[in-house]
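# Remarks on the overall topology
Residue-level listing of the chains:
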Amino acid sequence: MLSGERPVHWMLGHTVGDAYEQLVRLAPETPLRSHGPRPVLRRCSVQVHSPQAALEAFATIATGARLRAMAFRLERGEDQRWRCAAVELDGLGVAARHP
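Residues numbered from 1 in each chain as written. Predicted model: local features only at pLDDT ≥ 70, side-chain atom pairs only at ≥ 80, totals over all residues. Heavy atoms only, no water.

## A word on the overall build of the protein
How we decide: Secondary structure elements follow DSSP: runs of H or I no shorter than four residues count as helices, runs of E no shorter than two count as strands, and numbering proceeds from the N terminus. Three labels apply to residues, based on accessible area from a 1.4 Å probe with only protein chains included: buried if under 20% of the type maximum, exposed if over 50%, partly exposed otherwise in between. When checking whether two residues touch, look at their non-hydrogen atoms; a contact exists if any pair is within 4.5 Å. Here the accessible surface of atoms and residues is derived via Shrake-Rupley with a 1.4 Å probe, and residues count as covered only by protein chains that are part of the display.
The secondary structure content of the protein amounts to 1 helix and 4 strands. For the protein, the N- to C-terminal ordering of α and β elements is α-β-β-β-β. Counting across all 99 residues of the protein, residues that qualify as buried make up 37%. Sequence separation of 24 or more characterises 40% of the internal contacts of the protein that already satisfy a separation of 6 or more. For the protein, the exposed surface amounts to about 6,200 Å²; the carbon and sulfur share of it is 54%.

So, in structure tokens, the structure goes:
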């Protein structure tokens, strides 16, 4: 969706709260699309807030010659599935904070 390879509605079952709307706002710009090779994950780090409930991740992604920064929060639901609760890319999305 952010690279234009999948439609944003693909994330409907993988998001909670405002995260889907954040992706809807980011997706039309296809910020991870490159005119060269496909985007490549360069680095990813994770901060665990509660091993059973939430984690936040930061990634750097190469899109052609440009390096992008992405942050996102994953929360585990009652069904034990992890879902994206917030996303921000280079300051283009407002990350919603959940307690």
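Okay, back to it.
## What to know about the nonpolar core
Basically, it comes down to this: To qualify as a nonpolar core, a set must consist of buried Ala, Val, Leu, Ile, Met, Phe, Trp, Tyr and Cys residues joined through side-chain atoms within 4.5 Å.
The biggest cluster of nonpolar side chains holds 14 residues, and the ones touching the most others in it are Leu2, Leu23, Leu32, Met70 and Val87. Of all the secondary-structure elements, those providing two or more residues to this core are helix 1 (19–26) and strand 4 (82–89). With 4 residues, helix 1 is the single largest residue contributor to this core.

## Details of the environment of Arg68
Rules: The term polar contact refers here to a pair of N or O atoms within 3.5 Å; inside protein, the definition further demands a hydrogen-donor-capable atom paired with an acceptor-capable atom, and it admits residues adjacent in sequence only when both atoms are side-chain atoms.
Tracing the backbone through its elements, the reader meets Arg68 in strand 3 (residues 66–76). Here the side chain of Arg68 touches Asp90 through a polar contact of 2.2 Å, side chain to side chain.

## Describing the packing of aromatic side chains
Note the threshold: Only the six-membered ring of Trp is used, alongside the rings of Phe and Tyr, when aromatic pairs are assigned; centres must lie within 6.5 Å, and planes under 30 degrees apart are stacked while those over 60 apart are edge-to-face, with the rest tilted. Throughout this description, the term charge over a ring refers to an Arg CZ or Lys NZ atom that lies within 6 Å of the ring centre and within 35 degrees of the ring normal.
Enumeration according to the criterion identifies 0 aromatic pairs in this entry. Note that Arg6 overlies the ring of Trp10, its terminal NZ or CZ placed 4.3 Å from the centroid.

## Points about the sheet that holds strand 4
Test applied: Pairs of strands are assigned from DSSP output, requiring at least two bridges between the strands. Axis angles are defined between N-to-C directions and span 0 to 180 degrees, where every axis is a line fitted to C-alpha atoms and, for a helix, only to the segment in contact.
Spatial strand order, 1-2-3-4: 4 strands in an open sheet with antiparallel pairing. Either end of the sheet is taken by a strand with one partner, and the two such strands are strand 1 (40–50) and strand 4. Within the sheet, the average angular offset between the axes of one strand and its neighbour, ignoring direction, is 20°. Pairing of strand 3 with strand 4 involves 7 bridges; the strand directions are antiparallel. Counted as the bridge partner of Arg73 is Ala86 from strand 4.

## A word on unusual backbone geometry
Positive phi, close to 70°, is recorded for Gln80, a residue that is not glycine. One can find Gln80 in the loop between strand 3 and strand 4.

## A short note on the pattern of salt bridges
Our working definition: Within this document, salt bridges are pairs made up of a side-chain nitrogen of Lys or Arg and a carboxyl oxygen of Asp or Glu, the two lying within 4 Å of each other.
Under the criterion given, the structure shown has 5 salt bridges. Here Arg73 and Glu56 are joined by a salt bridge, their closest N and O atoms 3.2 Å apart. Here Glu56 lies in strand 2 (residues 54–63) and Arg73 lies in strand 3, a separation of 17 residues in the sequence. The closest approach of N and O atoms between Arg68 and Asp90, which form a salt bridge, is 2.2 Å. Pair noted here: Arg68 is in strand 3 and Asp90 is in the segment after strand 4, with a separation of 22 residues, a long-range link. You can call Arg68 buried: its relative accessible area is 7%.

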